[in-house]
Amino acid sequence: MRMALHLPTIPDEVAGDIAAIGRFAAGRGWVPATSGNFSRRLDSGHIAITRSGIDKGAIGARDLIAVALDAPLPAGVSAETPLHVARYRADARIGAIVHVHSVAATVLSRADAARGYVELDGFEMHKALAGITTHESTVRLPIFANDQDTHALAERIEAALGGEPSVPGYLLAGHGLYAWGATMDDARRHLEGVEFLLTCALEERRLRR
Ligand SMILES: [Zn+2]
């Protein structure tokens, strides 16, 4: 018989942090119909992540589950948990990961899927992203083809990102946006910044029509 896996309890502060980002994203219409998921690192080997099928605007402590980064996933976790786990494993500095199904991310990730990235050029908002200090920059947000096999998808994404992505986020084609940061505040700033940039890019394309 296998030994029961010991998983850390999720501190109230972590649960509160995840509930807050859920309310924030839901308030902006970025996680419709129970979509999206949010996670935070608990320690070097564990994270807390939202369960599948819950309203992300009303996340309670029981809607979260602790997951080991180096063990098979427990039942009831979000189907996209492998994408979170792979990112945390790839970079020990990541403390929080957020994922949304916004209109701008969904539309642009489809429109530019063949090219493999959305190009964002010359926006002041670039400075919201870690490591970028000027608007005189071109940000290329990678796009990966969507896949219901999220274990295989996570492997493909991490191989392509190569451990040190220039942007703290990526798109899944026709699906949505992943963003991350050292803390939940960083992850939220990156999410909000990239969402703003994507919305601007989408509006500019509509103007050009
Ligand atoms: Zn999703």
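Above this text is the structure in question.
Per chain, the residues get numbers from 1 upward, laid out in the order the sequence is written. Residues qualify for local features only when their pLDDT is at least 70, as the model is predicted, and side-chain atom pairs are given and counted only at 80 or more; totals for whole chains, interfaces and linings, by contrast, use all residues. The basis for every side-chain value is the complete set of non-hydrogen atoms in the structure, without hydrogens or water.

Participant: I tried to follow the overall build of the chain on my own but got confused; where do I start?
Facilitator: Elements are defined by DSSP. Helices are runs of H or I of four residues or more, strands are runs of E of two residues or more, and each kind is numbered from the N terminus. Counting secondary structure elements, the chain contains five helices and eight strands. Reading the secondary structure of the chain in the N-to-C direction produces α-β-β-β-α-β-α-β-β-α-β-β-α. As defined in this context, the radius of gyration uses C-alpha atoms, and a globule is described by 2.2 Å times the residue total to the power 0.38. Over its C-alpha atoms the chain spans a radius of gyration of 17 Å, differing by no more than 12% from the 17 Å that the globule rule assigns to 209 residues. Referenced to the eigenvectors of the C-alpha coordinate spread, the extents of the chain come out at roughly 60 × 35 × 30 Å. Burial status across the chain gives 50% buried among its 209 residues. Contact between two residues is taken to exist if any of their heavy atoms lie within 4.5 Å; hydrogens are not considered. Across the chain, contacts joining residues at least 24 apart in sequence account for 62% of those joining residues at least 6 apart. Roughly 10300 Å² of accessible area belongs to the chain as shown, and the carbon and sulfur atoms make up 52% of that amount. Three exposure classes are used, based on accessible area relative to the maximum for each residue type with a 1.4 Å probe and protein chains only: buried under 20%, partly exposed in between, and exposed over 50%. Note on areas: Shrake-Rupley, 1.4 Å probe, and residue coverage restricted to the protein chains presented here.

Participant: Teacher, can you tell me more about the environment of Gly27 here?
Facilitator: Relative to the elements of secondary structure, Gly27 occurs in helix H1 (residues 12–27). For the pair Gly27 and Val103, spaced 76 residues apart in the sequence, the C-alpha separation amounts to 14 Å.

Participant: What exactly am I supposed to notice about the coordination of the zinc ion here?
Facilitator: Four donors placed tetrahedrally about a metal ideally form angles of 109.5 degrees, and six donors placed octahedrally ideally form angles of 90 or 180 degrees. Each metal's donors are the N, O and S atoms within 2.8 Å of it, or within 3.2 Å when it is Na, K or Ca, and because water is not part of the set, sites may look incomplete. Protein coordination at the zinc ion comes from Glu80 (OE), His99 (NE2), His101 (NE2) and His175 (NE2), with a distance range of 2.1 Å. Just to be clear on the cut-offs, tetrahedral is four donors with all angles between 85 and 135 degrees, square planar is four donors and octahedral six with opposite donors over 155 degrees apart and all others between 65 and 115, and anything else goes down as irregular. Classification of the site at the zinc ion as irregular follows from its four donor atoms and the range of 95 to 143 degrees in their angles at the metal. Taken in sequence order, the residues that donate to the zinc ion follow the motif E-x18-H-x1-H-x73-H. Here His99 is found in strand S4 (residues 96–100), whereas its partner His175 is found in the loop between strand S7 (169–172) and strand S8 (176–181), with 76 residues between them in sequence. Accessibility classification places His99 together with His175 in one group, the buried group.

Participant: Looking at this structure, I do not really get the environment of Glu158. What am I missing?
Facilitator: Tracing the backbone shows Glu158 in helix H4 (residues 150–161). Put simply, Glu158 and Arg87 are 71 residues apart on the chain and 7.2 Å apart in space, counted from C-alpha to C-alpha.

Participant: What exactly am I supposed to notice about helix H2 (residues 81–90) here?
Facilitator: Three- or four-residue spacings in an α-helix give side chains the same orientation, since the helix completes a turn every 3.6 residues. Counting buried positions along H2 yields eight of ten residues, so the element is predominantly enclosed. Three or more residues of H2 are buried, namely Thr81, Pro82, Leu83, His84, Val85, Ala86, Arg87 and Tyr88.

Participant: Any chance you could explain the sheet that holds S4 here in plain terms?
Facilitator: Where strands meet in a sheet, backbone hydrogen bonds hold them as pairs that are either parallel or antiparallel. The criterion for strand pairing is that DSSP finds at least two bridges linking the strands in question. The strand order S3-S2-S1-S4-S8-S7-S6-S5 describes an open sheet built from eight strands, whose pairing is mixed. Single-partner strands in this sheet number two, and they are strand S3 (64–68) and strand S5 (117–121). Between one strand axis and the next, the sheet turns by 20 degrees as a mean value, whatever way the strands run. Lines fitted to the C-alpha atoms define the axes, with helices restricted to the stretch that makes contact. Angles between their N-to-C directions range from 0 to 180 degrees. Helix-sheet contacts for H2 involve strand S1 (37–43), strand S2 (46–50), S3, S4, S7 and S8, and the interaxial angle to S1 is about 40 degrees.

Participant: What's the story with the packing of helix H3 (residues 103–111) against helix H5 (residues 184–208) in this structure? I'm lost.
Facilitator: Close contact between H3 and H5 brings their axes to 9 Å; oriented N to C, the two are set at 60 degrees. Judged by the angle between their axes, H3 and H5 are oblique. As for the relative orientation of H3 and H5, their crossing is left-handed in sense. Touching Ala104, Ala105, Val107, Leu108 and Ala111 of H3 are Glu195, Leu198, Thr199, Ala201, Leu202 and Arg205, all from H5. Each residue gets one label: Ala, Val, Leu, Ile, Met, Phe, Trp, Tyr, Cys and Pro are nonpolar, Asp, Glu, Lys and Arg are charged, and the others, such as Gly, are polar. Here the residues of the contact of H3 with H5 are counted per class, giving eight nonpolar, one polar and two charged. Note on terminology: angles under 35 degrees are roughly parallel, angles over 145 are roughly antiparallel, angles of 65 to 115 are roughly perpendicular, and the others are oblique. Two helices that cross are described as forming a left-handed crossing if the nearer one is turned anticlockwise from the farther one by less than a right angle, and a right-handed crossing if clockwise.

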